[in-house]
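Residue-level structure breakdown
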Amino acid sequence: KIGVIAKRSGFRAYLVGGIVRDIVMKRKNLDIDIIVEGDAIELVKKYAKENNYRYYYFEEFMTAQVTLPSGLKIDFATARKEIYEYPGAYPKVRKASIKEDLYRRDFTINTLAIEITEDNFGTLIDFFNGLRDIKDKVIRILHQLSFIEDPVRILRAVRFAGRFGFKIGKMTERLLKLAVDENLLLVAPTGRVNTELSYSFNEEKATEIIYLMNRYKILHQLIPEFVFDDKREEVINRLRDMIVTFEIFFGHKVDRVANYLLALMYHLPLDISYQFLERYHFSNGKQLFKLFFSVKGRFRKIPEKNSELYMIIKNIKKDVLVFLCSYLPAEISERIIYILKKEEERKLLITGNDLKELGLKPSPLFKEILDEIFLKYLDGEIKNRR
Ligand code: CTP
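These notes cover the structure that comes with them.

Cut-offs applied
Residues numbered from 1 in each chain as written. Predicted model: local features only at pLDDT ≥ 70, side-chain atom pairs only at ≥ 80, totals over all residues. Heavy atoms only, no water. Near = heavy atom within 4 Å. Polar contact = N/O pair within 3.5 Å; in protein donor to acceptor, adjacent residues only side chain to side chain. Areas by Shrake-Rupley, 256 points an atom, 1.4 Å probe, with all protein chains shown as cover. Helix = DSSP H or I, 4+ residues; strand = E, 2+ residues; numbered from the N terminus. Nonpolar A, V, L, I, M, F, W, Y, C, P; charged D, E, K, R; others polar. Phe/Tyr/Trp six-rings, centres within 6.5 Å; stacked < 30°, edge-to-face > 60°. Buried < 20%, exposed > 50% of the residue type's maximum accessible area, 1.4 Å probe, protein only. Pairing = 2+ DSSP bridges. Salt bridge = Lys/Arg side-chain N within 4 Å of Asp/Glu carboxyl O.

**With respect to the site of the ligand**
Near the ligand lie 15 residues; those nearest to it are Arg21, Asp106, Asp150, Arg156 and Arg163. At 2.6 Å from an oxygen atom of the ligand is found a side-chain nitrogen or oxygen belonging to Arg163. Contact between the ligand and Arg192: a nitrogen atom at 3.2 Å from a side-chain N or O atom of the residue. Protein chains shield 76% of the accessible area of the ligand, which is 570 Å² for the free molecule. Counting only elements with at least two residues in the shell around the ligand, the list comes to helix H2 (18-24) and helix H7 (152-164). Broken down by element, the residue count for the shell around the ligand peaks at 5 residues, all from H7. Residue composition of the shell around the ligand, by class: 1 nonpolar, 3 polar and 11 charged.

Spelled out as C-alpha cells, the structure:
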C-alpha cells in the first residue's frame, strides 16, 4: 500500500535499518523504519488519510509516524544527510538520496534496505557490503570519521558485537581504540550515553557486552578507578544467572540496569558512585546502591541457622537480594535462594484458615504462630506433608 502511494507521488520508499538486518539474520524485530526519497511527511499524510490511520509528523526533522489499528507504529523519514557541528552533537539535516542516507549510518550491517516502491517492491539494496559483513560476522564502520562524528557509536559497536557474537573489524577496532584514547566518550551527550548503556544492560548478552566494554577500556573511561579483577568477573557472571533465577522462580522483574551498574561500581565510595549516576541520569539507581551499602555489613557473620539468616534478609528488597546473591560467597547466596524458595512455598505450608479449622479463635497471635511455624520449617524442625 505504502509502495503504491509512493509510486503515485513520484517518491521511492525503502524499509531500512535494524529490521532489514534482522530479516536477513532471521531474528525477531518489530521496529518498522521507512525512508522516503522525496517527502516522508507528504507520503504519510496521503497514506494515513486514505486509510483513516492516526499519524504525527515533525516538520523540523522531516519525520512522521503512523499508528495502525493494531497498535503497530511505522516510522517514516525523508532521506537525508546529517551535518554534525561537533562530535556527538545532535546533527542538522538536509534532504538527500537513499544512498547518502544509508552512508550516514553507524555500521555496514545496518545499511541494508529493501525497496517497497510499487514498481520495484522487495529488492534488497546493499550499497556498503552489509550482507557480506553479516555473513562474516563482523562489525564495520563505513568511514574513518564515524566514531568522531558520533562517539556514542563506540558503545553501539560493542553492543552489536556482544549481541550477535560478531567481531569488530580490524580497521574499525583501530579507530574505536583511537576514539577511546581521545576521550571522545566523555564529550558525548550524557543522555545518549545513558540510553546506550541502558540498552546494553537490558540485552540478553549484557555480560558479553560488558566484557567488550572492559577490553576496549570503555569502562575505565566512564567509571573512576575501574578495575576488572576476578571478583568483578565472578560477580557479573553470577548476576547474569541471578537475574534469571529471580525472574523465573520469584516472578520479580529485576532492575538490570541498576544491578549491572552496581556490579561495576561496588568498589567505589557511595558519593563517587552517586556522581556517576547523576552525571549519566541514572539517579533511579541510587536507591539500590544505598540499600546495598546499608545492609552489606549484616553479612560479616553468617548465622548457622536458616531461621536466623531469614531474619537478616526478611526486610531486604528483592533487587538488593539479587545483587547480594551475586556478591556474597556462593554458599551463602545458595542458602538465601533456598530460603526464598521456602518463603514462596509458605502459603502451601499452613495458613490462618488451618488454625481456624483446628478450632482456634482468629487473633493477632495467628501471625506470630504462623511466623514461628515457618521459622521451624526453615530449620527442618517441621516437615511439610502436603
Ligand atoms: N544509527 C546510527 N548512529 C547512531 C544511532 C543509530 O547510525 N548513533 C542508525 C543505525 O544505522 C540504525 C538506525 O540508525 O540502524 C536506527 O537506530 P536504532 O533504532 O538505535 O538501531 P537498530 O539497528 O534498530 O537497533 P536495535 O536492534 O537495538 O533496535
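**Focus: the packing of aromatic side chains**
According to the stated counting rule, one finds 23 aromatic pairs in the structure shown. With a centroid separation of 6.2 Å and an interplanar angle of 50°, the aromatic rings of Tyr47 and Phe76 are classed as tilted. Note that Tyr47 is positioned in helix H3 (residues 40-51) and Phe76 in strand S5 (residues 73-78), a separation of 29 residues in sequence. For Tyr47, a relative accessible area of 6% gives the class buried. Measuring from centroid to centroid gives 6.0 Å for Phe107 and Phe160, while their planes differ by 80°, and the two rings are edge-to-face. Within this pair, whereas Phe107 is found in the loop between helix H4 (98-103) and strand S8 (113-115), its partner Phe160 is found in helix H7, the two being separated by 53 residues in sequence. The same class applies to Phe107 as to Phe160, namely buried. The structure contains a cluster of three or more aromatic residues connected by ring pairs, namely Tyr266, Phe292, Phe293, Phe323 and Tyr327.

**Section: the sheet that holds S8**
A sheet is described by the order of its strands in space; here 7 strands give the open sequence S3-S4-S5-S2-S1-S8-S9, paired in mixed fashion. Either end of the sheet is taken by a strand with one partner, and the two such strands are strand S3 (54-58) and strand S9 (124-125). Taken together, the 2 bridges between S8 and S9 define a ladder with antiparallel strand orientation. Bridge assignment links Ala113 to a residue of S9, and that residue is Ile125.

**Thoughts on the pattern of salt bridges**
Under the criterion given, the structure shown has 24 salt bridges. Glu100 is paired through a salt bridge with Lys81; the nearest N and O atoms lie 3.3 Å apart. Of this pair, Glu100 sits in helix H4 while Lys81 sits in strand S6 (residues 80-83); the two residues are 19 residues apart in sequence, bridging distant segments of the chain. We classify Glu100 as partly exposed; its relative accessible area is 33%. Three or more residues joined by partner-sharing salt bridges are found here, namely Asp106, Arg156, Arg159, Arg163, Glu196 and Glu203.

**Focus: the environment of Gln275**
For Gln275, the location among the structural elements is in helix H14 (residues 270-279). Between the C-alpha atoms of Gln275 and Lys286, which are 11 residues apart in sequence, the distance is 9.9 Å.

**Considerations on the pairing of S5**
Pairing geometry for strand S2 (residues 32-37) and S5, over 5 bridges, is parallel. Each bridged residue has a counterpart across the sheet, and for Ile35 the counterpart in S5 is Ala77. Relative to S5, strand S4 (residues 63-67) is paired through 5 bridges, and the arrangement is antiparallel. Across the sheet, the residue bridging to Gln65 is Asp75, located in S5.

**As for the pairing of S2**
The buried fraction of S2 amounts to 5 of the 6 residues, a majority that puts the element mostly inside the structure. Two elements, strand S1 (residues 12-16) and S2, share 4 bridges in a ladder whose sense is antiparallel. Its bridge partner lying in S2, Arg12 is registered against Glu37.

This is a description of form; function is not addressed.
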